[in-house]
Each structure stands twice: as C-alpha cells, then as structure tokens.
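Survey of secondary and tertiary structure
If you want the building blocks of each chain, they are given just below.
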Amino acid sequence: MKSKFKIILKVLGVIMLLLAATGAFVYFKYMRPFLTAMKQTEQVQLNNNLRVVTGGGGNSGIYTSKKLVVLIDTKMDEAAKELHEQVMEMAKGKKLIIINTHYHPDHIDGNLLYKNATIIAGNYGNEAWLKASKKETLPSIWLKDTMHIALDDDTLLVINMAKNIHTSNDVMVYALRRKILFTGDLVLNHQAPVLMGEADAEAYLKFFDELMNQYPIKAIIPGHGNIAGIEAVDDFKMYFLDMKKAALNPDLEDELIAKYEDWRQLPMFMSPGATIKHFRAHAN
Ligand SMILES: [Zn+2]
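Residues numbered from 1 in each chain as written. Predicted model: local features only at pLDDT ≥ 70, side-chain atom pairs only at ≥ 80, totals over all residues. Heavy atoms only, no water.

Attention now moves to the overall build of the protein chain. When helices and strands are tallied, the protein chain shows eight helices and twelve strands. With respect to the principal axes defined by its C-alpha atoms, the protein chain has extents near 80 × 40 × 35 Å. Residue burial in the protein chain is summarised as follows: out of 284 residues, 48% are buried. The contacts in the protein chain between residues at least 6 apart in sequence include a share of 56% that link residues at least 24 apart. Carbon and sulfur atoms form 58% of the exposed surface of the protein chain, whose accessible area is close to 14800 Å². When the 33 basic and 32 acidic side-chain charges of the protein chain are each reduced to a single mean position, those positions are 6 Å apart. (Helix = DSSP H or I, 4+ residues; strand = E, 2+ residues; numbered from the N terminus. Buried < 20%, exposed > 50% of the residue type's maximum accessible area, 1.4 Å probe, protein only. Contact = heavy atoms within 4.5 Å. Areas by Shrake-Rupley, 256 points an atom, 1.4 Å probe, with all protein chains shown as cover. Lys, Arg positive; Asp, Glu negative; His and termini not counted. Charge placed at Lys NZ, Arg CZ, Asp CG, Glu CD.)

Moving on: the pattern of salt bridges. Counted by the stated rule, this structure contains ten salt bridges. Between Glu210 and Lys163 there is a salt bridge, and its shortest N-O distance comes to 3.7 Å. With a gap of 47 residues between them, Glu210 in helix α5 (residues 201-214) and Lys163 in the loop between β9 (155-160) and β10 (171-175) connect regions that are remote in the sequence. Residue Glu210 is classed as partly exposed on the basis of its relative accessible area of 32%. The class of Lys163 is partly exposed, set by a relative accessible area of 38%. Members of the salt-bridge network, linked through shared partners, are Asp153, Asp154 and Arg178. (Salt bridge = Lys/Arg side-chain N within 4 Å of Asp/Glu carboxyl O.)

Taking strand neighbours across the sheet as the criterion, the five strands line up as β8-β9-β10-β11-β12 in an open arrangement whose pairing is mixed. Two strands lie at the open edges of the sheet, namely β8 (146-150) and β12 (219-222), each paired on one side alone. Shown here is a sheet whose adjacent strand axes are inclined to one another by a mean of 20°, direction ignored. (Pairing = 2+ DSSP bridges. Axes fitted to C-alpha atoms, helices over the stretch in contact; angles between N-to-C directions.)

It is worth spelling out unusual backbone geometry at this point. In this model, Ala162 sits at a positive phi of 50°, which is unusual for a non-glycine residue. Within the secondary structure layout, Ala162 lies in the loop between β9 and β10. The phi torsion at Met268 lies on the positive side, around 70°, for a residue other than glycine. Here Met268 is to be found in the loop between α7 (253-258) and α8 (272-281). Residue class for Met268 comes out exposed when judged on its relative accessible area of 76%.

This is the structure we're talking about:
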C-alpha cells in the first residue's frame, strides 16, 4: 500500500514538473517577447499636424489644430502615462477631444488620466462598458452613428460601425482630406486578432469588402502593428479567408496556420488556431 502511494506521489510530481515546464516554455517563447514588444512605442510624424504613436497598447493618433487637439485611443500602463504627458503639452490652451476606437483596456485605460476631457466612444452604454473596463475610463459621449470634427486643414469623420465586428460599437476615424483611416482593431497589421465575446469573424469579412468600396484610402493606422497602405486590409482579409478555409477543411489547417508564423500572436488567445476555433464555434 505504502509503495503504491509513493508511486502515485512520484507520478503527480512528474506531472507537476511537466506542467511547470510547459508553462515556462509558453512564457519564454510567446508571452515575454509579446509583452516586451507590446510595451514599445514609436513616434511617427505622419504629416503636418498628425502624429501617430504606435504600440504601448493600441496605436494612437494626435491631430493638432490651432484651437483643438484630437487624440485617438489612450493606451495602457506606462505608455499611457507618457502619451498623456505628450498630449497635455500639445493641448496647452486648446480644447482636447478624445476618441476611443473600442472599449478594450489596451486602447482606453489611459482615459482615466484625462480629467474633464471630452471622450467619445461607440454607443456601448454604461453597463456594457463597466463589464469590460474601469469606471474611471467611462467616456462622456456615446456616439450612435457618425459625427464630424472640424480641424484647420481637414475634417474628421467619426464613424460608429454599430454592429458586432470586433466589438458591438467599433469606431473608425477617417480624415476626409488626408484620406487617412484609423481602424481600431478592425484592421491589424501582421497580428492575429482577439475574437472574444461579441466578436464576429464573418462580419469582419463583410466589413473588408465594404471598406474597399466606401473610402479612398492613402494610409491606414491599424489597431496594432505598423502604419500601412490598403494592402493591410488585403492581408488581414486573406488571413480571415484562410482561417475560414482551415475551419472547414482540417487537412489544410497546419499549412494555413504556418503561413502566418511570423505574425504577432499568443497561443490559444490571439492566434490562427484561435481564429479557426472561432469560425468553427460560430458556423451556421
Ligand atoms: Zn487592441
């Protein structure tokens, strides 16, 4: 009896060790490089009066005008604090408007640093917002459909997509003269998407086709990844089409997953495998 107990203990010990080793492997191979890369920011002066700050959570944009500064997405953690300092310096003596592309923490956690600012977000309503994020990040205006914001040299069209795509109220910001589009997480550049809750991969596919026809585009600021041209939409659309194909045909799965090996991803959470799972779970 005693020796049997010892064997069980040994087996348990080996299982624990294996689990710890797997955890460490996933952490060092995927999590750590991902988190390190996520924290890094880069400043890009895209043109007169438009600065893009990539990374540190979602990508952000700062439009400056004589009397107005418009900030798109407020980032998270240290990067949010740095962005806040930069924006407050640029907005001295001016009105500041903040636009949130959607309610995920990596895009809006910095909201809490901007006391009394006008913050515009899609029409989630208090209850849904508070389930996803902190009270201190609540916006001051729920945008139902569209609005225009006049800059000195351009006009921003703020669009609530108002249907489940990445979330239920994804907002895009399109500069009518510059033809620059901030997409939030509706377009990512070489990064697998997070498809949680109300996310709908089929709706993404419809969105890509509509987008191509609706707006002439010179540059896209994706939710994550480098600034791109319209090809970022083609790449991201191809990713969704490939994952749909893999969902329907398991024989192709390995090959299609391998195609996106160099995209930023996290196993099981934001990865080709997770997107395939999403398509399978939402089939019919
Ligand atoms: Zn994001």
